[in-house]
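Topology and contacts: notes
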Amino acid sequence: MPELPEVETIVRELAPRLLGRRFRHPRLSHTDVLYHTNRRKVLRALDGSRVTGMTRRAKHAVIQLSSGYRLVVQPGMTGSLLVYDAPLTENQQRYAVLQASLGSGETFVYRDVRRLGTLLLLDDRSWEAYSARIGPEPLADDFSVEAFRRAMAGSRQALKKVIMDQRKLAGVGNIYANEALFIARLDPSLPANRLDAAGAARLYRAVRDILAGAIRAKGTTFRDYRTGNGKRGSFQFSLKVYGREGEPCRRCRTPLAFTHAIDGRATTFCWRCQAVVR
Ligand SMILES: [Zn+2]
């Protein structure tokens with residue numbers, strides 16, 4: 001599913017095309033993507049509303065509306081946010097879950113082939129409450145190594161699981177967790193509270209570097225992810241471990257190991273480079 005760099009890319013590309021524009025004639029093809037809201041509320045909040053802001057929080061794209069609501073989109077594995085310049089083709093129409101006219105022949109679309117994403121509609125108060133439950137943004141200027149250490153210190157769970165826990169740290173998912181742990185040379189199964197100061201400093205830097213690098217590459221496209229301009233990201237060509245199980249480690253040439261045992265997700269690592277540096 002799109003992680004921080006992918007959603008950041010979508011937001012950066014779409015914001016200039018949406019800011020100040022007005023949604024008209026919104027349509028919703030399915031309601032199964034709605035979370036704690038309903039069709040009537042979403043259509044009413046959108047219709048005639050101007051876009052007054054567009055930002056990212058964790059893995060969510062947040063579209064601020066002049067109606068006072070925020071449309072919060074978490075694109076699932078097959079979800080994307082797009083602006084089409086021409087009337088939608090039959091195929092485009094088929095997967096357009098939410099669409100609204102922007103005028104001048106343009107259409108805003110949330111496309112989701114398998115409808116694994118989530119749409120929320122939140123007023124100021126519920127947005128603040130929602131956002132308060134999410135951990136700090138790893139790329140924020142004021143996110144310090146001390147704050148990172150504090151987030152890790154309280155848990156005995158595997159490091160990999162903890163950096164992907166959205167309540168502890170915002171926006172990191174499976175791909176970038178694998179990559180950051182390799183760069184920091186840390187065992188993904190290390191209990192987070194056993195991370196020492198040096199390891200925490202390496203992982204803090206690795207998480208920030210990997211996310212910033214992936215944003216520069218406009219994200220990682222394995223299958224469905226597309227940027228806000230409908231293009232593929234290119235960070236898949238820079239991945240050091242994710243998806244490379246059995247291939248030689250880029251640092252020591254040992255074949256990379258693979259397991260589901262840590263958190264039920266695919267973990268690829270080098271048992272030599274990421275051996276217990278405890
Ligand atoms: Zn290695």
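Description of the structure in this document.

So, how was this worked out
Position numbers for residues count from 1 along each chain, tracking the sequence in the order it is written. In view of the model being predicted, local features appear only for residues whose pLDDT reaches at least 70, and side-chain atom pairs are presented and counted only at 80 or more, with totals across whole chains, interfaces and linings using the full set of residues. In computing side-chain values, all of the structure's heavy atoms are included and hydrogens and water are not. Strands here mean DSSP runs of E at least two residues long; helices mean DSSP runs of H or I at least four residues long; both are numbered from the N terminus. Just to be clear, the radius of gyration here is over C-alpha atoms, and the globule rule we use is 2.2 Å times residues to the power 0.38. Each residue gets one of three labels from its accessible area relative to the maximum for its type: buried under 20%, exposed over 50%, partly exposed in between, using a 1.4 Å probe on protein chains only. We call two residues contacting when some pair of their heavy atoms lies within 4.5 Å. Surface accessibility follows the Shrake-Rupley procedure with a 1.4 Å probe radius. Residue values consider only the protein chains on display as shielding. Counted as positive: Lys and Arg. Counted as negative: Asp and Glu, with His and the chain ends omitted from the count. Working definition for charges: the position is that of NZ of Lys, CZ of Arg, CG of Asp or CD of Glu. Here, a strand pair is defined by DSSP locating no fewer than two bridges between the strands. Angular values range over 0 to 180 degrees, each being the angle between N-to-C directions of two axes fitted as lines to C-alpha atoms, with helices fitted over their stretch in contact. Residues grouped as a nonpolar core are buried Ala, Val, Leu, Ile, Met, Phe, Trp, Tyr and Cys residues, joined through side-chain atoms within 4.5 Å. Each angle receives one of four descriptions, namely roughly parallel if under 35 degrees, roughly antiparallel if over 145, roughly perpendicular if within 65 to 115, and oblique otherwise. The crossing is said to be left-handed when, going from far helix to near helix, the turn is anticlockwise and less than a right angle, and right-handed when the turn is clockwise. Classification used: nonpolar for Ala, Val, Leu, Ile, Met, Phe, Trp, Tyr, Cys and Pro, charged for Asp, Glu, Lys and Arg, polar for all others including Gly.

On to the overall build of the protein. On a plain count of helices and strands, the protein comes out with eight helices and 10 strands. Compactness check: the protein gives a C-alpha radius of gyration of 20 Å against a globular reference of 19 Å for 278 residues, within 12% of the reference. When the 278 residues of the protein are sorted by exposure, 54% land in the buried category. Nonlocal contacts in the protein, meaning residues at least 24 apart in sequence, comprise 64% of its contacts between residues at least 6 apart. Split by element, the accessible area of the protein, about 13,100 Å² in all, is 47% carbon and sulfur. Positive and negative side-chain charges in the protein, numbering 47 and 26 respectively, have mean positions lying 2 Å apart.

As a further point, take the sheet that holds strand E1 (residues 24–28). In a beta sheet, neighbouring strands are held together by backbone hydrogen bonds and run either parallel or antiparallel to one another. Judged by pairing direction, the sheet is antiparallel, and its four strands sit side by side in the order E1-E6-E7-E5 without closing on themselves. A single partner strand is all that each edge strand has here, and the edge strands are E1 and strand E5 (79–84). Strand-to-strand twist across the sheet, computed as the mean angle between neighbouring axes with direction ignored, equals 10°. With six bridges joining them, strand E6 (residues 96–103) and strand E7 (residues 106–112) adopt antiparallel strand pairing. Bridging across to E7, Ser 101 finds its partner in Thr 107.

Attention now goes to the nonpolar core. Phe 148, Met 152, Leu 159, Ile 163, Leu 195 and Leu 203 are the most contacted members of the largest nonpolar core, which totals 34 residues. Of all the elements in the fold, those that place two or more residues in this core are helix H5 (145–153), helix H6 (159–163), helix H7 (174–183) and helix H8 (197–216). Here this core takes nine residues from H8, the largest share from any one element. Excluding anything up to four places from it in sequence, Ile 163 contacts Phe 148, Met 152, Leu 169, Val 172, Ala 177, Leu 181 and Leu 203. Listed in part, the 31 residues of the second largest apolar core include Ala 15, Val 51, Val 97 and Tyr 225.

To continue, consider the pairing of strand E8 (residues 118–122). With four of five residues buried, E8 is to be regarded as a mostly interior element. As paired elements, strand E4 (residues 70–74) and E8 share five bridges and run antiparallel to each other. Looking at the pairing, Val 73 lines up with Leu 119 of E8.

The next thing to look at is the packing of helix H1 (residues 4–18) against H8. Axis separation between H1 and H8 bottoms out at 9 Å; the angle between their running directions is 40°. It follows that H1 is oblique to H8 by the angle criterion. Regarding H1 and H8, the two cross each other, and that crossing is right-handed. Contacts between H1 and H8 pair Leu 4, Pro 5, Glu 8, Thr 9 and Arg 12 from the former with Leu 211, Ala 214 and Ile 215 from the latter. For the contact of H1 with H8, a count of residues per class yields five nonpolar, one polar and two charged.

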